[in-house]
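Working through the structure, step by step
Here are the chains, one letter per residue:
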Amino acid sequence: MLAGTVYPQSPHKKSPVDPNKFALIINGAGGEPEYAKQFEQWSKDLTKVLSERFGFDGKQIKVLTEKQATAEEVKRTFAALKTELAANNVLFVFLIGHGSFDGKESKFNLVGPDLAASEYNVLLSALPTRRIVVFNMSSASGEFIKSLAAKGRIVVTATRNGQETNATRFTGFFIAALNATDADTDQDGHTSVLEAFVYATRLTDEFYKRAGRLTTEHAMLDDNGDGVGHEKVEAGDGLLARATYLDSLSVDEAAASAATGRLLTERARLEGEIEQLIGRKASMQESEYEAALERLFIELAKINRTIKQAGS
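Bear in mind that the values here come from a model prediction, so they are computed numbers and not experimental data.

Quick notes on the rules
- Residues numbered from 1 in each chain as written.
- Predicted model: local features only at pLDDT ≥ 70, side-chain atom pairs only at ≥ 80, totals over all residues.
- Heavy atoms only, no water.
- Pairing = 2+ DSSP bridges.
- Helix = DSSP H or I, 4+ residues; strand = E, 2+ residues; numbered from the N terminus.
- Phe/Tyr/Trp six-rings, centres within 6.5 Å; stacked < 30°, edge-to-face > 60°.
- Buried < 20%, exposed > 50% of the residue type's maximum accessible area, 1.4 Å probe, protein only.
- Lys NZ or Arg CZ within 6 Å of the ring centre and 35° of its normal.
- Axes fitted to C-alpha atoms, helices over the stretch in contact; angles between N-to-C directions.
- Contact = heavy atoms within 4.5 Å.
- Salt bridge = Lys/Arg side-chain N within 4 Å of Asp/Glu carboxyl O.
- Core = buried A, V, L, I, M, F, W, Y, C linked by side-chain atoms within 4.5 Å.

A few points about the sheet that holds strand E6 (residues 115-116)
Across the sheet, which stays open at both edges, the three strands sit in the order E4-E5-E6 with antiparallel pairing between neighbours. With partners counted over all chains shown, the strands left at the sheet margins are strand E4 (99-101) and E6, one partner each. The pairing of strand E5 (residues 106-108) with E6 spans two bridges and is antiparallel. Counted as the bridge partner of phenylalanine 108 is leucine 115 from E6.

The following block contains the structure:
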């Protein structure tokens with residue numbers, strides 16, 4: 001993804017403005033003109049899609065440009081958010097830029113002194129909102145999961161650890177996911193954090209494969225608060241991200257009708273049972289496990305088919 005990329009336009013209508021959603025986009029230090037230009041473009045593209053498609057109020061999208069992105073300004077911005085946010089609000093934080101890892105702690109590169117993952121955790125923990133979604137899309141970002149993991153918090157990183165230090169491309173593909181016509185894989189009319197994550201991860205993997213290059217970034221997600229990220233839905237991760245929507249706050253709001261809402265709730269229940277069953281696999285007979293898993297997947301397939309038909 002290069003600066004000036006033209007993203008496919010979505011046929012979905014614009015979501016109504018949701019006063020409960022806030023976004024903070026931090027455009028970190030570019031280091032080189034090429035990266036500075038790219039990060040600036042990504043920040044603009046992300047701001048545009050959040051406001052034009054996903055119902056974010058422009059007044060509630062805070063953007064720190066590269067020149068503004070100093071440690072002190074970041075702290076001042078979080079202090080302002082502390083007074084603006086309420087417990088039922090949702091805050092989305094996007095870090096676009098470079099990162100570093102010294103073997104002990106990961107940092108996001110700013111102009112001047114950087115802030116470490118532990119410092120971001122202090123800033124986030126001081127906020128009153130119970131739901132926070134953090135996208136650290138920089139290099140060496142994987143280590144942030146250990147520091148930021150908390151109940152009610154979704155953390156997405158572009159890399160699996162601090163050793164993946166090459167400049168990342170995940171941001172561009174994440175924005176492509178938000179603009180895509182087919183990112184809404186379950187056809188419920190809304191895009192969840194999990195759907196955007198999975199779509200962007202697939203595009204990133206495909207890029208490296210098509211280019212015949214070694215994959216130098218592996219996006220991770222943690223949303224169960226255990227500080228261990230995963231590349232896909234497993235070990236309890238992914239359930240909160242599936243129920244958190246970029247263009248809606250809850251399953252009820254994502255539903256086009258009460259009937260669809262009940263279907264979505266039933267699907268969430270089945271997905272939870274599947275995750276619990278997978279966790280008990282080691283203590284079960286193989287035949288018992290496979291039979292139970294098959295039954296749940298058949299029920300889930302029926303629910304997904306009904307949801308898709310309702311949305312067509």
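Re the packing of aromatic side chains
Applying the stated rule across the entire model yields eleven aromatic pairs. Pairing phenylalanine 56 with phenylalanine 92 gives two aromatic rings, centres 5.4 Å apart and planes at 75 degrees, and the pair type is edge-to-face. One end of the pair, phenylalanine 56, is in the loop between helix H1 (33-52) and strand E2 (61-64); the other, phenylalanine 92, is in strand E3 (residues 90-96), with 36 residues separating them in the sequence. Among the residues examined, phenylalanine 92 registers a relative accessible area of 0% and is labelled buried. Ring plane angle 45 degrees and centroid distance 6.0 Å describe the contact between phenylalanine 173 and phenylalanine 207, whose orientation is recorded as tilted. On the criterion of sequence distance, the pair formed by phenylalanine 173 in helix H5 (residues 170-179) and phenylalanine 207 in helix H6 (residues 193-211) is long-range, its members being 34 residues apart. Of the two residues examined, phenylalanine 173 and phenylalanine 207, each falls in the buried class. The rings of Phe56, Phe92, Phe94, Phe135, Phe170 and Phe174 are connected pair by pair, giving a single aromatic cluster. Sitting over the face of the ring of tyrosine 199, arginine 202 holds its NZ or CZ atom 4.8 Å from the ring centroid.

Observations regarding the sheet that holds strand E1 (residues 21-27)
Reading across from one edge, E2-E1-E3-E7-E8-E9 is the order of the six strands in this open sheet, with mixed pairing throughout. At either end of the open sheet lies a strand with only one pairing partner, and these are E2 and strand E9 (220-222). Neighbour to neighbour, the strand axes of the sheet diverge by 10 degrees on average, direction disregarded. Judged from the four bridges that link them, E1 and E2 form a sheet pairing that is parallel. Looking at E2, one finds that leucine 24 is bridged to lysine 62. Packed onto the sheet, H6 meets E3, strand E7 (131-136), strand E8 (153-157) and E9 and runs at close to 160 degrees relative to E9.

Quick look at the pattern of salt bridges
Two side chains with opposite charge may pair up if their charged atoms get near one another. Per the stated rule, a full pass over the model turns up twelve salt bridges. Among the ionic pairs, glutamate 84 bridges to lysine 62, the shortest N-O distance being 3.2 Å. Pair noted here: glutamate 84 is in helix H2 (residues 71-84) and lysine 62 is in strand E2, with a separation of 22 residues, a long-range link. What makes glutamate 84 partly exposed here is its relative accessible area of 37%.

Observations concerning the nonpolar core
Counting residues in each nonpolar core, the largest one holds 43 residues, and the members touching the most others are Leu46, Phe94 and Phe174. Sorting the residues of this core by element identifies E1, H1, E3, E7, E8, H5, H6 and helix H7 (239-242) as the ones contributing at least two each. No other element matches H6, which puts nine residues into this core. Once residues within four sequence positions are removed from consideration, phenylalanine 174 is found in contact with Leu46, Phe94, Phe135, Met137, Ala196 and Ala200. Counting 28 residues, the second-largest nonpolar core is a separate cluster that includes Leu24, Val74, Leu81 and Ile132.

Here we look at the pairing of E3
Counted residue by residue, E3 has seven buried out of seven residues, so it is predominantly covered. Pairing of E1 with E3 involves seven bridges; the strand directions are parallel. Each bridged residue has a counterpart across the sheet, and for alanine 23 the counterpart in E3 is phenylalanine 92. When E3 meets E7, the two strands line up parallel, connected through six bridges. Among the inter-strand pairings, phenylalanine 94 is bridged to a residue of E7, identified as phenylalanine 135.

Coordinates in, geometry out; function isn't part of it.
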